[in-house]
Structure formats: C-alpha cells, structure tokens
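Residue-level structure breakdown
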Amino acid sequence: MIAKILKAISRYFFSNPFLFLFILFLIVYTVYDFYIQKSSGTHLVSLQVLALIAGVIFESRRISNKWTTAVFIAILSFIFMFSLGTFLCSVVNEAECGLAFILNRSLVFWPFIFFVFYVIYSRIFNKQNITPKLTEGITLFLSIAMIYWVADNCFISFDNIISQTLITIGILFSLFSFFHAFTKTYLSDRNKFILSIWSSIIMIFFAIDNLNAIYGNQNTNNSNDIMEGIYIAFQYFLLGVSSIYMIQNFMMLIGFLPRWKRFFNSKYFQKMHELKDEHIDRYSEEQVNYIDSIFCVIFTGSIFFLNYYYEFVSRQFIIWITFITFPFILMLYNYIIGKKKYA
C-alpha cells in the first residue's frame, strides 16, 4: 500500500518537474526570508506577497495544464507592470526616472500590480480551459464544504425567517447536487444551468470569505515563528488560488443583473440567454462514478468534521486546501484500487 502511494507520488512529481521546482523555490525563499532577510531588517519581496503571486500562478497552471501558458502570462504581466511603472514614474518625477529607480519601487509596490495583471490575463487566456473543470464531483465537494461552513458558523439554528430561507435554499441545492453525483440522471441543459449557478455562488462566497479572513491576519514580517509565518503565507497562497475563481464566478453572476440601457429590455434578455448558454457550456457532461462520490463524501466529510471538532486551522484554510489537494488524493485512491484512469 505504502509502496503504491510513494510510486504514484513520485510519478506525479517526475511528470511535473516544473511543479517540483516551483515548490522547492517557495521553500528555499521562505527559509531565506526568515533567517537572512529578517536578520538584516530588509525584505526584497515580502513572503505573503510572493505567496499571493505563487497561488495565482499555481492555479493558472493547473487550469491551463501547461507551464508555458502560466509563464507567458507572467511575462506579459511583468511587461505591463513595468510599462505602468515607467509611465507613472515619468508623470510623478521625470528627473528621477531610470531603470534602477523603477526596479527599486517595483520591489516595494508593483508586485500587487503584477498580481492584478496576472489575474486578469489568466482569466482571459484560461477562459475556455475553466469550462470543462466544472463537474458533478466539484459541485458535490462544494456542497459538502458549504454544509461544513454553515455548521462551523453555528448557523443551523433557525433564528429568523431570512436564515431559514437561505438555509432551506442551500439544502435544496445541496440535495440536488448529491442526487446528480450519486445517480446517472441525465444532465439536461436546465440541470447543468442550476448546478453551474449553485457552484458559482459557493465559489465566490468562499473566495470573499477567504479574503475577509486574511484581511485581518498579521503580516509574516511581524512573526518570529517560522511555522506561524508559513501558515500565514500559505493563507495568502490560497487567496491567490481563490482570486481566479472570485473574478471568474463574479463575472458569471453579475451579468444577470440589469443595468443602464439594459433594464429588462431585448438587449437584457439577449444577454441573459448568452450567459445562460455560457453556464451550460462550461459544465461537463461527463458523469462521475458513484464510488468516487462516496469517497469524496467520506474523505472530505471526515476532514471537515475533524477540523470542526478539534479546530486545527481556520475553516477557510481547510476548505481551500482540501479543494486544491482533493483531486490529487482522488488520483492516489484510484491508482491504489487499480483504475486505469486516475488523473
């Protein structure tokens, strides 16, 4: 059993050498940031900013399934970041402008600009690749995570009509996703649209909740414990991952709202129809195996229950880390039981 797991892990990493180098770089930089930069009192690029950028690059690569695309987006983002820096520098003070000045200021402020550009271009270049990523399995996982989030916030007590209504709607949508994950019911356009809307609502909710939780977190520069610093940096990494989904699902939902010159007229209903088709097209017609659905419920349910009971980490952290690692865990599971298709 252990030999099979180790073989699968080594096979995965050797087939993804850039991923191995990427993780190795983050580990080395973390040690460098804590034991070298912190002792000198200066930080080239703060660890949380690097983790934020690393998160969005990691997820962009996972969506596109190509490191070349992720690297190209990074180069393009850097060019636009540098161009913006040059322009702003010339506007503020032409006399001080120069390569050294721009690079120096870039290290302090421009990583955030780079992050914004990367998120925008990642959505543009990966828009079509995000489409087949939405499946019955993902919606099942999101429904389980949503149930855990509600339970962890003690929102199960039906205090008022608003909470009763929201919880009832959530239960109905969750049951609908469970029904499709455990049966071979045909995924009609209507059903795919409903599952896509439900998935979008949960994803943007979790992304905003993660952003809100990290906003009040302390800076890794102020932490003297390397493990605490790594934990905080990893939260920023997960925020970088969730940022792509935040933008993507926000755009998928905001289009349903009426706006100026498109207020329940022909243009509005035409846009509604196009957006509905986009939701339907991005949902995969491939139905998940009910064995995988059972494994998803048992594994993720156990993880969430243990964290609910023992409070190892924040609920935002456990939800996003499980979301990232579960496909790999499922791959290991299918490999161990001997399925030919385990990716």
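Presented here is an overview of the structure given in this document.

Our next topic: the pattern of salt bridges. The full count for this structure, using the stated rule, is three salt bridges. Its salt-bridge partner being Arg315, residue Asp152 comes within 3.1 Å of it at the nearest N-O pair. Placement of Asp152 in helix α7 (residues 136-152) and of Arg315 in helix α13 (residues 315-336) is noted, with a sequence separation of 163 residues between them. Ionic pairing is found between Asp189 and Lys192, a salt bridge with its closest N-O pair at 4.0 Å. Of this pair, Asp189 and Lys192 both sit in helix α9 (residues 189-215), three residues apart, roughly one helical turn.

Moving on, we get to helix α3 (residues 47-64). The end-to-end C-alpha distance of α3, which contains 18 residues, comes to 25 Å, matching closely the 26 Å that a straight helix rising 1.5 Å per residue would cover. Across the 18 residues of α3, 17 count as buried, placing the element largely inside the fold.

Right, let's talk about the nonpolar core for a bit. Within the largest apolar cluster, 62 residues are counted, with the highest numbers of intra-cluster contacts made by Tyr118, Phe206, Phe237, Phe304, Ile319 and Trp320. Elements that contribute at least two residues to this core include exactly α3, α4 (67-92), α6 (110-130), α7, α9, α10 (226-254), α12 (290-310) and α13. Leaving out residues up to four positions away in the same chain, Phe304 has contacts with Phe141, Ile144, Ala145, Tyr148, Ile318, Ile319 and Thr322. In this structure, Phe193, Ile197, Phe256 and Leu275 belong to the second largest nonpolar core, which totals five residues.

A full pass over the atoms with the stated rule returns 20 aromatic pairs. Seen from their ring centres, Phe178 and Phe182 are 6.3 Å apart, and the 15° between their planes marks the pair as stacked. Linking Phe178 with Phe182, this pair stays in helix α8 (residues 161-182), spanning four residues, or about one helical turn. On the basis of relative accessible area, Phe178 is assigned to the partly exposed category, the value being 23%. Owing to a relative accessible area of 32%, Phe182 belongs among the partly exposed residues under this scheme. With a centroid separation of 5.8 Å and an interplanar angle of 55°, the aromatic rings of Phe234 and Phe317 are classed as tilted. One end of the pair, Phe234, is in helix α10; the other, Phe317, is in helix α13, with 83 residues separating them in the sequence. With relative accessibility at 31%, the residue Phe234 sits in the partly exposed group. On the basis of relative accessibility, which here comes to 13%, the residue Phe317 falls in the buried class. Here a set of aromatic residues connected by ring pairs shows up, and it is made of Phe141, Tyr148, Phe295, Phe299, Phe304, Trp320, Phe323 and Phe326.

Looking now at a nonpolar patch on the surface. A cluster of nonpolar side chains, Phe305, Leu306, Tyr308, Tyr309, Tyr310 and Phe312, forms an exposed patch at the surface whose accessible area comes to about 720 Å². Along the chain, the position of Tyr310 falls in helix α12.

At a minimum axis separation of 8 Å, α9 and helix α11 (residues 266-281) run at an interaxial angle of 90°. Taken together, α9 and α11 sit at an angle that is classed as roughly perpendicular. For the pair formed by α9 and α11, the contact residues are Asp189, Lys192, Phe193, Ser196, Ile197 and Ser200 on the first element and Lys276, His279 and Ile280 on the second. Of the residues in the contact of α9 with α11, the class split is three nonpolar, three polar and three charged.

The subject of this paragraph is the packing of α7 against α12. Between two packed helices, the angle of one axis relative to the other and the distance separating the axes together describe the packing. Taken N-terminus to C-terminus, the directions of α7 and α12 make an angle of 20°; their axes are 10 Å apart at the nearest point. As the angle between them shows, α7 and α12 are arranged roughly parallel. As α7 packs across α12, the resulting crossing turns out to be right-handed. Residues Leu140, Phe141, Ile144, Ala145, Tyr148, Ala151 and Asp152 of α7 form the contact with α12, whose own contacting residues are Ser293, Cys296, Val297, Thr300, Gly301, Phe304, Asn307 and Tyr308. The class makeup of the residues in the contact of α7 with α12 is 10 nonpolar, four polar and one charged.

On to the side chain of Glu136, then. One can find Glu136 in helix α7. Once residues within four sequence positions are removed from consideration, Glu136 is found in contact with His180, Ala181, Leu187, Tyr283, Gln287 and Val288.

Residue position: Ser143 is located in helix α7. Setting aside residues no more than four positions away along its own chain, Ser143 makes contact with Ser174, Ser177, Phe178, Trp198 and Ile202.

The residue Phe256 is located in the loop between α10 and α11 in this model. With 17 residues separating them in the primary sequence, Phe256 and His273 have C-alpha atoms 9.7 Å apart. The residues touching Phe256, leaving out its near neighbours within four places in the chain, are Phe193, Ile197, Tyr268, Met272, Leu275 and His279.

About the thresholds
- Residues numbered from 1 in each chain as written.
- Predicted model: local features only at pLDDT ≥ 70, side-chain atom pairs only at ≥ 80, totals over all residues.
- Heavy atoms only, no water.
- Salt bridge = Lys/Arg side-chain N within 4 Å of Asp/Glu carboxyl O.
- Helix = DSSP H or I, 4+ residues; strand = E, 2+ residues; numbered from the N terminus.
- Expected span 1.5 Å × (residues − 1).
- Buried < 20%, exposed > 50% of the residue type's maximum accessible area, 1.4 Å probe, protein only.
- Core = buried A, V, L, I, M, F, W, Y, C linked by side-chain atoms within 4.5 Å.
- Contact = heavy atoms within 4.5 Å.
- Phe/Tyr/Trp six-rings, centres within 6.5 Å; stacked < 30°, edge-to-face > 60°.
- Patch = residues over 30% accessible without salt bridge, like charges linked within 9 Å, V, L, I, M, F, W, Y side chains within 5 Å.
- Areas by Shrake-Rupley, 256 points an atom, 1.4 Å probe, with all protein chains shown as cover.
- Axes fitted to C-alpha atoms, helices over the stretch in contact; angles between N-to-C directions.
- Parallel < 35°, antiparallel > 145°, perpendicular 65-115°, else oblique.
- Nonpolar A, V, L, I, M, F, W, Y, C, P; charged D, E, K, R; others polar.
- Left-handed = near helix turned anticlockwise from the far one by under 90°.

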